[in-house]
Amino acid sequence: MSNMPDPTDPKLAGINIPNPTQFGAEGDNDQHAKEAYFTASQGQLIWARFKKQRAAMIAAFFLVFLIFSGLFAPFLSPYDPTVAGRNKDYTNGAPQIPQFCDKNGCSLRPFIHPVERERSLATNFRWVTKINEDKRSYLTFLPKGDAYKLFGVIKSDRHLFGLEEGKLHVFGTDEDGQDIFSRTLHAIWTSLQVGTIGVLIAFVLALIIGGVSGYYGGWIDSVIQMITDAFRTVPAIPLFMAVAAFMPPEISAEARFFYISIILGFIGWPTLARRIRTHLLTERNQEYVLAAQLCGASSSHVIRRHLLPSFTSYIIVDLVISFPYMVLSETALSFIGLGLKDPVSSLGVMLQKATSADVMLNYQWYFIPVAFFIVLVMAFVFVGDGLRDAADPYSEVNK
Amino acid sequence: MLNFARFVITRAVMALITLIIVSLFVFLLMELVPGDCAERYLAFKNTQGSSIQIANELEAERQRLGLDRPFLERWSKWIVGAFQGEFGNSCILRVNIADLLGDKFLLSLGICLASLALAYAIAIPVGIIAAASNNPYLNNSLRIISYLGLAMPNFLLALMIMLFATVYFGETLTGLFSSQYRDAPWSWARFVDLLKHAWLPVFILGWSATAFALQTVRALMSDEIGKLYVTAATARGVHGRKLLWRYPARHALGPIINSLGFDLNRIFNELPIVALILVMTDAGKLLIDALARSNDQQLAGAIIFLLTASIVALNFFTDILLATIDPRVRKSIVR
């Protein structure tokens, strides 16, 4: 696999690597480019191939954008995503879109019309919310709001945007009056966290099991493969559900979060383990390993300098590809009520209430977060696919 | 012929071993849940007003249920029962699991197999056409549709379809039967009623399966189309549909048949959640009820075991099928 020499020259990092088929022409530039190509590290080669794929690059931008919006969710979201940040005067409220103009003229600052609740003889003594079109509530930047801790350390109460008075709900509110926009951003972060922990646990298990299997081979390999295959035959989500049912219902939301991630990891390992085993089995019989051994390299040298670099890129790709499955499983599990529970924002939790006909007919903005999740999962899939093509040194030769 | 029989027997034994390992997982899972059946029964009796000495009664009850036997004995008893379709009693609902499941499991299996069939009925022709044509727009749009099938989990699709149906048609499209047929015995009218309701779950479950199958078929076909024997056949004057069907498609068929088992696995994954959303009264819903509402591990274990058993069975049959239709596989067995 690593048929390219490995020396890493920091000078070369920025060099655009040309297609190896263009090397026929002579010249200083070509010579330089050629040298850059043959001395580039594997990481540089992968990045150069990855950059050529338009779909994957676009997806990568989306992915980075979503990761950052998840990372800075407490700052970007105007309100606290839990009941603490709820707007009790605007439950099941429609999205409010900031506007520049209304019937009273235009303004340079975006504003919304605030809603007012009233209960009087005219409304038959029921609470009725209505939009007051004569009042304007202007958008402000960096207002003070609910206190939060960014990355768990930086204390702050500034949010990116808010209203001078009242509350702004870009995606509307749910039945408790919680801001759906804030919850969506936090839910993205939750998904990323669950996915990361799950993937890491699955990865460690897969590395141990697949490593043992691929390294020893023989009957150990056969037995482990038989068990892995049997495990893979069991449909995962029903199994998730059965294992998730172990969780005592009274544990805290944070503990639940970790349990779920661990369960996802424990159930997600077989596919990864199998790939690691296959990589190991094929790689250890390659000629370059034999060549290194014949040159007198110790087995630790072979493993460190040849075997590991030959498939780290594959492993990273596999991890990226298995990520969306983790996210989707968590969403499904939370959705049926076996996963995360309410104070934690997660797409599954948010959609739990959305199945009733009442919500479907009257409050369709409950479904806005779905779009974000489709984008998130698609971005991961496209990036994973792009990385897979980029990590395969033969992908260009075949075309 | 003798070799073929030996192949079938080897495969059957391997399937059996897989099932035994799976039954061990499932049984361990059932055992690990805090609280055993004896406690549940006693708790139930207590709610019925009989006051009993817990400690003594618990032991007696355990003995009666055979819970004091060693693990291996209980496991082997369970697995022998499981192979006969007998899973004992659910200790929460206090009814026989086989009776409870009844034809619900077969119904679910039927729906899943129908989705599988739908997926390949669409994927095979479309995938072949996509692989044969050089139209980049067709290929790219198929790629996006396939990814969408992955990114849009079935339960979201189900929700969206219901959202659409409720908003535009004022109908919720839920359930598997109309109310008058729900508990009626099987008849032609009931079957027709089932078909009227089942198309939606079949479509939803088939959706992501189709996306995956499309990817597989297209990739396999584009691999095969580039090979020399196809060029040779073209040189001999075979062309068009005849060329595609007679040469590359037959080669691509093997891996597709091989992957059927995993496709069924994927469909089963989605089944419980789709069943929950569409309020279907099938095994998937029972599974969710068993786990989320009542923590009924006996029922859950039985369903997981049955689901896995059907996948193993399908894998077994596809192996045999592959050996019968593909001379290369057959030769490699005879060896």
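Residues numbered from 1 in each chain as written. Chains lettered and ligands numbered in written order. Predicted model: local features only at pLDDT ≥ 70, side-chain atom pairs only at ≥ 80, totals over all residues.

Enquirer: Can you help me understand the overall build of chain A in this one?
Expert: Check the secondary structure of chain A and you find 14 helices and 8 strands. Here chain A, with 399 residues, has 38% of them falling under the buried criterion. Within chain A, contacts between residues at least 6 apart in sequence are counted, and of these 71% link residues at least 24 apart. (Helix = DSSP H or I, 4+ residues; strand = E, 2+ residues; numbered from the N terminus. Buried ≥ 20, exposed ≤ 12 C-beta atoms within 10 Å, placed from the backbone. Contact = placed C-beta atoms within 7 Å.)

Enquirer: Explain the overall build of chain B here, please?
Expert: Helix and strand content of chain B: 15 helices and 2 strands. Relative to its 335 residues, chain B shows a buried fraction of 35%. In chain B, once contacts between residues fewer than 6 apart in sequence are set aside, the share between residues at least 24 apart is 74%.

Enquirer: Honestly, the sheet that holds strand β2 (residues 105-112) of chain A in this entry has me stumped. Any pointers?
Expert: Either a parallel or an antiparallel arrangement is found when strands of a sheet pair, and the pairing is made through backbone hydrogen bonds. All names here are of chain A. Sheet architecture is open: 4 strands sit in the order β1-β2-β5-β8, paired in antiparallel fashion. Where the open sheet ends on each side, the last strands, each with one partner, are β1 (99-102) and β8 (161-163). Averaged over all neighbouring strand pairs, the angle between strand axes comes to 45°, with direction disregarded. Where strand β5 (residues 137-141) meets β8, 3 bridges bridge the pair, whose relative direction is antiparallel. (Pairing = 2+ DSSP bridges. Axes fitted to C-alpha atoms, helices over the stretch in contact; angles between N-to-C directions.)

Enquirer: Explanation requested: the packing of helix α10 (residues 299-335) of chain A against helix α13 (residues 368-391) of chain A in the structure shown.
Expert: How two helices pack is summed up by the angle between their axes together with the distance between the axes. Residue and element names in this part refer to chain A. Taken N-terminus to C-terminus, the directions of α10 and α13 make an angle of 165°; their axes are 8 Å apart at the nearest point. By the angle between their axes, α10 is roughly antiparallel relative to α13. For the element pair α10 and α13, the recorded crossing hand is left-handed. Mapping the contact onto sequence places S313, Y314, V317, V320, I321, F323, P324, V327, L328 and T331 in α10 and F373, V377, F380, V381, V383, G384, L387, R388 and A391 in α13. Taken together, the residues of the contact of α10 with α13 sort by class into 15 nonpolar, 3 polar and 1 charged. (Parallel < 35°, antiparallel > 145°, perpendicular 65-115°, else oblique. Left-handed = near helix turned anticlockwise from the far one by under 90°. Nonpolar A, V, L, I, M, F, W, Y, C, P; charged D, E, K, R; others polar.)

Enquirer: Mind showing me how you'd approach the interface of chain B and chain A here?
Expert: In many reports, interface size means the accessible area that the parts give up when they come together. Each side of the interface is counted separately: chain B has 39 residues, and chain A has 38 residues. Looking at the side of chain B that touches chain A, the elements that each hand over two or more residues are α1 (2-32), α7 (136-151), α8 (154-168), α12 (248-277), α13 (283-293) and α14 (297-325) of chain B. When the residues that make up the side of chain B that touches chain A are grouped by side-chain class, the tally is 32 nonpolar, 7 polar and no charged.

Enquirer: Sorry if this is basic, but what is going on with the packing of helix α5 (residues 180-216) of chain A against helix α6 (residues 218-233) of chain A here?
Expert: All names here are of chain A. With their axes 7 Å apart at the nearest point, α5 and α6 run at an angle of 145° to one another. Considering the relative orientation of α5 and α6, their crossing is left-handed. Counting all contacts with α5, which are made through I209, V212, S213 and Y216, the residues of α6 involved are G218, I220, D221, I224 and Q225. In the contact of α5 with α6, the residues fall into 5 nonpolar, 3 polar and 1 charged.

Enquirer: Teacher, can you tell me more about the nonpolar core here?
Expert: When a protein is soluble and globular, its nonpolar side chains tend to lie buried together. Ranked by internal contacts, the top residues of the largest apolar core, which has 151 residues, are F240(A) and V274(B). Discounting residues that sit within four places of it in the chain, V274(B) has contacts with N154(B), F155(B), A158(B), P201(B), I204(B) and L205(B). (Core = buried A, V, L, I, M, F, W, Y, C linked by C-beta atoms within 7 Å.)

Enquirer: Would you mind going over the confidence of the model for chain A with me for this structure?
Expert: A low pLDDT score tells you not to read the predicted coordinates there in detail. All names here are of chain A. Averaged over every residue, the pLDDT of chain A is 76; residues scoring 70 or more account for 88%. Of all secondary-structure elements in chain A, the lowest mean pLDDT belongs to helix α14 (residues 395-398), at 48, while helix α3 (residues 54-71) reaches the highest, 86. Confidence over residues 1-17 falls short of pLDDT 50; this stretch has 30 contacts with residues more than four positions distant or in other chains. For the stretch residues 20-25, pLDDT sits under 50, and the model shows 4 contacts to residues farther than four places along the chain or on other chains. (pLDDT = per-residue confidence, 0-100.)

Enquirer: It is not clear to me how the environment of L156(B) should be interpreted in this structure. Could you clarify?
Expert: All names here are of chain B. Note that L156 resides in helix α8. Of the residues examined, L156 has 23 C-beta atoms within 10 Å and is grouped as buried. Each C-alpha atom of the pair L156 and I273 lies 9.8 Å from the other, and the pair is 117 residues apart in sequence.

Enquirer: For this particular structure, what's the right way to read the pairing of β5(A)?
Expert: Residues in a regular strand point their side chains to alternate faces of the sheet. Bridge count for β2(A) against β5(A) is 2 bridges, and the pairing is antiparallel. For F111(A), the partnering residue across the bridge sits in β5(A) and is Y138(A).

Enquirer: Would you take a moment to explain the environment of V126(B) for this structure?
Expert: Here V126(B) lies in helix α6 (residues 104-132). Taking the C-alpha atoms as reference points, V126(B) and L142(B), separated by 16 residues in sequence, lie 9.1 Å from one another.

Enquirer: Mind showing me how you'd approach α6(A) here?
Expert: Helical geometry note: an α-helix holds 3.6 residues per turn, so side chains three or four residues apart project in the same direction. Over its 16 residues, α6(A) extends 23 Å from the first C-alpha to the last, a length consistent with the 22 Å expected when each residue adds 1.5 Å. Among all positions in α6(A), only T228(A), A230(A) and T233(A) are buried. Along its buried surface, α6(A) packs onto α8 (253-283) of chain A together with α1, α12 and α14 of chain B. (Expected span 1.5 Å × (residues − 1).)

Enquirer: I would appreciate a short explanation of the environment of V26(B) in the present structure.
Expert: Residues and elements named next belong to chain B. With respect to the helices, strands and loops of the structure, V26 is situated in helix α1. Taking the C-alpha atoms as reference, V26 lies 8.9 Å from A300; in sequence the two are 274 residues apart. Those residues within four positions of V26 in sequence are excluded, and the remaining contacts are G301, I304 and F305.

Enquirer: Can you help me understand α5(A) in this one?
Expert: Look at α5(A): 52 Å from first C-alpha to last across 37 residues, which is about the 54 Å you get at 1.5 Å a residue. Immediately downstream of α5(A), the backbone of G217(A) shows phi near 65°, a positive value.

Enquirer: Just checking my understanding: could you explain the confidence of the model for chain B for this structure?
Expert: Per-chain confidence: chain B averages 76 in pLDDT, with 77% of residues scoring 70 or above. Scored as a complex, the prediction yields pTM 0.76 and ipTM 0.74.

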